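# Observations on the model geometry
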Amino acid sequence: KQEVTQIPAALSVPEGENLVLNCSFTDSAIYNLQWFRQDPGKGLTSLLLIQSSQREQTSGRLNASLDKSSGRSTLYIAASQPGDSATYLCAVCRAVNQFYFGTGTSLTVIP
Amino acid sequence: EAGVAQSPRYKIIEKRQSVAFWCNPISGHATLYWYQQILGQGPKLLIQFQNNGVVDDSQLPKDRFSAERLKGVDSTLKIQPAKLEDSAVYLCASSLDGETNSPLHFGNGTRLTVT
């Protein structure tokens, strides 16, 4: 069974700092990995999807990398802003669109 | 495009009562998921539909939970009778066609409190 771990569980940084969120998974036989953002009381918003054949994906200030062999993905956020404060979750996709979620990292960006 | 619609947004019931949640996926999305998210945890899959057929319901507590997607579009999830441990956010998600690289799109969820 696929297990997905996100460390740290919570992170607090001053505005403007660059930061890295980590996601690790136990089974490297994946189809893709998605990073999501969840604001309090809301659903999940898809940020980036990395296919298994890709090494990274970029969207604006966000960059996600994938190393299947080591079972790791990172989400890099450049020049953090208070509006980036949210919980960030990663999800690993196996066959038939089976998604396994991590427990998330709660990010607070201090103005 | 319109997103995934869910209702109600909040529901408070007493244990042993029944409750139903509704979801309308993004138009044209063949795959629909119901997830349960307990506070501080990641979403856990309850059931996955491909059109109107069930793909995976292995983690659905079938003695109390049921779900249907009769016409392959919108879906309902029911709990009867509810237990205290069912308090959670119930999230509906959809993806385009079941292909392995279709991103998931989530609704805002229904927050259920069982007292």
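Note: the structure precedes this text.
Scope of this entry: the structure provided in the associated data block. Please read these numbers as outputs of a predicted model, since none were measured by experiment. (Residues numbered from 1 in each chain as written. Chains lettered and ligands numbered in written order. Predicted model: local features only at pLDDT ≥ 70, side-chain atom pairs only at ≥ 80, totals over all residues. Heavy atoms only, no water.)

### Regarding the state of the cysteines
Counted by the stated rule, this structure contains two disulfides over all chains. Bridging C23 of chain A to C90 of chain A, the disulfide has an S-S length of 2.0 Å. For the disulfide bridge between C23 of chain A and C90 of chain A, the dihedral angle about the S-S bond is near 75 degrees, and by the sign convention the bridge is right-handed. Of the two residues, C23 of chain A is situated in strand β3 (residues 19–25) and C90 of chain A in strand β9 (residues 86–94); the sequence distance between them amounts to 67 residues. Judged by its relative accessible area of 0%, C90 of chain A is buried. Between the sulfur of C23 of chain B and that of C92 of chain B lies a disulfide, 1.9 Å long from S to S. Across the S-S bond linking C23 of chain B and C92 of chain B, the dihedral sits near -65 degrees, which makes this disulfide left-handed. One end of the pair, C23 of chain B, is in strand β3 (residues 19–24); the other, C92 of chain B, is in strand β9 (residues 88–95), and 69 residues separate them in sequence. C92 of chain B carries the same exposure label as C23 of chain B, and that label is buried. Left without a disulfide partner, C93 of chain A is nearest to the cysteine sulfur of C90 of chain A, which lies 13 Å away. (Disulfide = S-S within 2.5 Å. Helix = DSSP H or I, 4+ residues; strand = E, 2+ residues; numbered from the N terminus. Buried < 20%, exposed > 50% of the residue type's maximum accessible area, 1.4 Å probe, protein only.)

### So, the nonpolar core
Among the nonpolar cores identified, the biggest contains 23 residues, and L33, W35 and L75 of chain A are the most heavily contacted of them. Mapped by element, the contributors of at least two residues to this core are β3, β4 (32–38), β5 (44–51), β7 (62–67), β8 (72–77), β9 and β11 (105–110) of chain A. F21, I79, Y90 and V114 of chain B belong to the second largest nonpolar core, which has 21 residues in total. (Core = buried A, V, L, I, M, F, W, Y, C linked by side-chain atoms within 4.5 Å.)

### Focus on the sheet that holds strand β7 (residues 65–68) of chain B
Residues and elements named next belong to chain B. Pairing within the open sheet is antiparallel, and its four strands lie in the order β1-β3-β8-β7. On the outer flanks of this sheet lie β1 (5–7) and β7, each paired with one strand and no other. Each adjacent strand pair in this sheet contributes to an overall mean axis angle of 15 degrees, direction not counted. (Pairing = 2+ DSSP bridges. Axes fitted to C-alpha atoms, helices over the stretch in contact; angles between N-to-C directions.)

### Digging into the interface of chain A and chain B
Facing the 21 residues of chain A at the interface are 24 residues of chain B. The junction of chain A with chain B conceals about 1700 Å² of combined surface from both sides, 50% of it contributed by carbon and sulfur atoms. At the surface where chain A touches chain B, the tally comes to zero salt bridges. On the surface where chain A and chain B come into contact, there are three residue pairs in polar contact (both at pLDDT 80 or more). Of all the secondary-structure elements, those providing two or more residues to the side of chain A that touches chain B are β4, β5, β9 and β10 (98–101) of chain A. Residue composition of the side of chain A that touches chain B, grouped by class: nine nonpolar, eleven polar and one charged. (Contact = heavy atoms within 4.5 Å. Buried area = accessible area lost by both parts, 1.4 Å probe. Salt bridge = Lys/Arg side-chain N within 4 Å of Asp/Glu carboxyl O. Polar contact = N/O pair within 3.5 Å; in protein donor to acceptor, adjacent residues only side chain to side chain. Nonpolar A, V, L, I, M, F, W, Y, C, P; charged D, E, K, R; others polar.)

### Some details on the layout of surface pockets
Estimated volume of the largest pocket: approximately 540 Å³. Lining the largest pocket we find 30 residues, and of these Q38 and T87 of chain A together with Q37, L39 and G40 of chain B sit closest to its centre. Within the residue set of the lining of the largest pocket, elements represented by two or more residues are β9 and β11 of chain A together with β9 and β11 (110–114) of chain B. A per-element tally of the lining of the largest pocket places β11 of chain A first, with four residues. Residues that form the lining of the largest pocket fall into these classes: eleven nonpolar, 15 polar and four charged. Reported here for the second largest pocket is a volume of approximately 450 Å³. Lining the second largest pocket are 20 residues, and of these K1 and Y100 of chain A together with P43, K44 and Q59 of chain B sit closest to its centre. Elements that contribute at least two residues to the lining of the second largest pocket include exactly β10 of chain A together with β4 (31–37) and β5 (44–50) of chain B. With four residues, the single largest contributor to the lining of the second largest pocket is β10 of chain A. (1 Å grid on protein atoms, 1.4 Å probe; cavity = no way out; pocket = protein on both sides within 12 Å on 5 of 7 lines; lining within 4 Å. Points joined across faces, edges and corners; volume = space filled by probe spheres on them.)

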